[in-house]
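Each chain, written out:
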Amino acid sequence: MNSQKVVEILHAVSKKIEEEKDFLTELDNVIGDGDHGINMARGFQKVEEKLDTLQTTDIGNILKTTGMTLVSTVGGASGPLYGTAFMKAGMVVAGKEELTLDDFLACMDAAAEGVKMRGKSTQGEKTMLDSMIPALEAMKKAKEEGQDTPAVLQKGTEAAKEGVEYTKTIIATKGRASYVGERSIGHQDPGATSFTDILETICNCVSA
């Protein structure tokens, strides 16, 4: 995909987050601050306002600008985490105007490591990493098996959705959700859900 396609995907992501805003906020009402959807929608609205000026720049700059915008406009933990994810991804593809599947997976790797570092968290703590890491592992496996890009992204999306379901079964031990302890069992993690929404949107745009 080229820079214009990345901008098109980010427009689609913003639209998806806006559509899911109320549901994401509802999820966060139960185990968090009750503002995940509202904050994410606000952040991606601000990203959208900058996208048309970025179409002629390289993909690294598009992702970096997206990350910086999210950090500065999304409240709570989501801004720093998603912002770091996009900025780390942008560093991997700095100067590139075309993305290969290998590039995309490298971006995902860097994003996941950025989230781990910024959130001081790992898989199994009821966070976005519980969908992010299984998705990345599934995509790497699918690529090793020789599957094409749409199929690889589809496998990642399926694994991310399974990760969201997994978060219903565990106690939150990180972030605001950790305050409710065992009462967090039975509820899916908002961050894992919004990450899955984003990956599914990427998958749909690439497969279209």
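Keep in mind that what you see is a predicted model, and the values were worked out from it rather than measured.

Draft legend 1. Summary view of the overall build of the protein. Scanning the protein from terminus to terminus reveals eight helices and zero strands. Written out in order from the N terminus, the α and β elements of the protein read α-α-α-α-α-α-α-α. Relative to the compact-globule value of 17 Å for 208 residues, the protein shows a C-alpha radius of gyration of 16 Å, a close match. Based on the C-alpha atoms only, the size of the protein along its principal axes is roughly 45 × 40 × 30 Å. For the protein, with 208 residues in total, the buried portion stands at 50%. Surface summary for the protein: the accessible area is close to 9,400 Å², and the carbon and sulfur share equals 50%. Distance between charge centroids for the protein: 4 Å, based on 23 positive and 32 negative side chains.

Draft legend 2. Representation of the packing of helix H6 (residues 129-144) against helix H7 (residues 149-167). Contact geometry of H6 with H7 gives a least axis separation of 7 Å together with a crossing angle of 150 degrees. Relative to H7, H6 is oriented roughly antiparallel. The interaxial crossing formed by H6 with H7 has right-handed handedness. Counting all contacts with H6, which are made through Asp 130, Ser 131, Pro 134, Ala 135, Ala 138, Met 139, Ala 142 and Lys 143, the residues of H7 involved are Val 152, Leu 153, Lys 155, Gly 156, Ala 159, Ala 160, Gly 163, Val 164, Tyr 166 and Thr 167.

Draft legend 3. Focus on H6. In this model, H6 (16 residues) spans 22 Å end to end at C-alpha, consistent with the 22 Å of a helix rising 1.5 Å per residue. Buried within H6 are the following residues: Leu 129, Asp 130, Ser 131, Met 132, Ile 133, Pro 134, Ala 135, Leu 136, Met 139 and Ala 142. Along its buried surface, H6 packs onto helix H4 (78-92), helix H5 (101-119), H7 and helix H8 (190-207). Just beyond H6, the residue with positive phi is Gly 146, at close to 90 degrees.

Draft legend 4. Summary view of the packing of aromatic side chains. With the rule as written, the count across this model stands at one aromatic pair. Ring geometry for Phe 44 against Phe 86: centres 6.3 Å apart, planes inclined by 70 degrees, an arrangement best described as edge-to-face. Of the two residues, Phe 44 is situated in helix H2 (residues 36-51) and Phe 86 in helix H4; the sequence distance between them amounts to 42 residues. By relative accessible area, which is 1% here, Phe 44 ends up buried. A relative accessible area of 13% means that Phe 86 is categorised as buried.

Draft legend 5. Summary view of unusual backbone geometry. Notably, Lys 120 is not glycine yet its phi reads approximately 50 degrees, a positive angle. Relative to the elements of secondary structure, Lys 120 occurs in the loop between H5 and H6. A positive phi is found at Lys 126, a non-glycine position, where the angle reads about 65 degrees. Relative to the assigned elements, Lys 126 resides in the loop between H5 and H6.

Draft legend 6. Representation of the environment of Glu 125. Here Glu 125 shows up in the loop between H5 and H6. By relative accessible area, which is 17% here, Glu 125 ends up buried. Along the backbone, Glu 125 and Phe 195 are 70 residues apart, and their C-alpha atoms lie at a distance of 15 Å. A distance of 3.0 Å separates a polar side-chain atom of Glu 125 from the backbone nitrogen of Thr 122.

Procedures and definitions
Residues numbered from 1 in each chain as written. Predicted model: local features only at pLDDT ≥ 70, side-chain atom pairs only at ≥ 80, totals over all residues. Heavy atoms only, no water. Helix = DSSP H or I, 4+ residues; strand = E, 2+ residues; numbered from the N terminus. Rg over C-alpha atoms; globule rule 2.2 N^0.38 Å. Buried < 20%, exposed > 50% of the residue type's maximum accessible area, 1.4 Å probe, protein only. Areas by Shrake-Rupley, 256 points an atom, 1.4 Å probe, with all protein chains shown as cover. Lys, Arg positive; Asp, Glu negative; His and termini not counted. Charge placed at Lys NZ, Arg CZ, Asp CG, Glu CD. Axes fitted to C-alpha atoms, helices over the stretch in contact; angles between N-to-C directions. Parallel < 35°, antiparallel > 145°, perpendicular 65-115°, else oblique. Left-handed = near helix turned anticlockwise from the far one by under 90°. Contact = heavy atoms within 4.5 Å. Expected span 1.5 Å × (residues − 1). Phe/Tyr/Trp six-rings, centres within 6.5 Å; stacked < 30°, edge-to-face > 60°. Polar contact = N/O pair within 3.5 Å; in protein donor to acceptor, adjacent residues only side chain to side chain.

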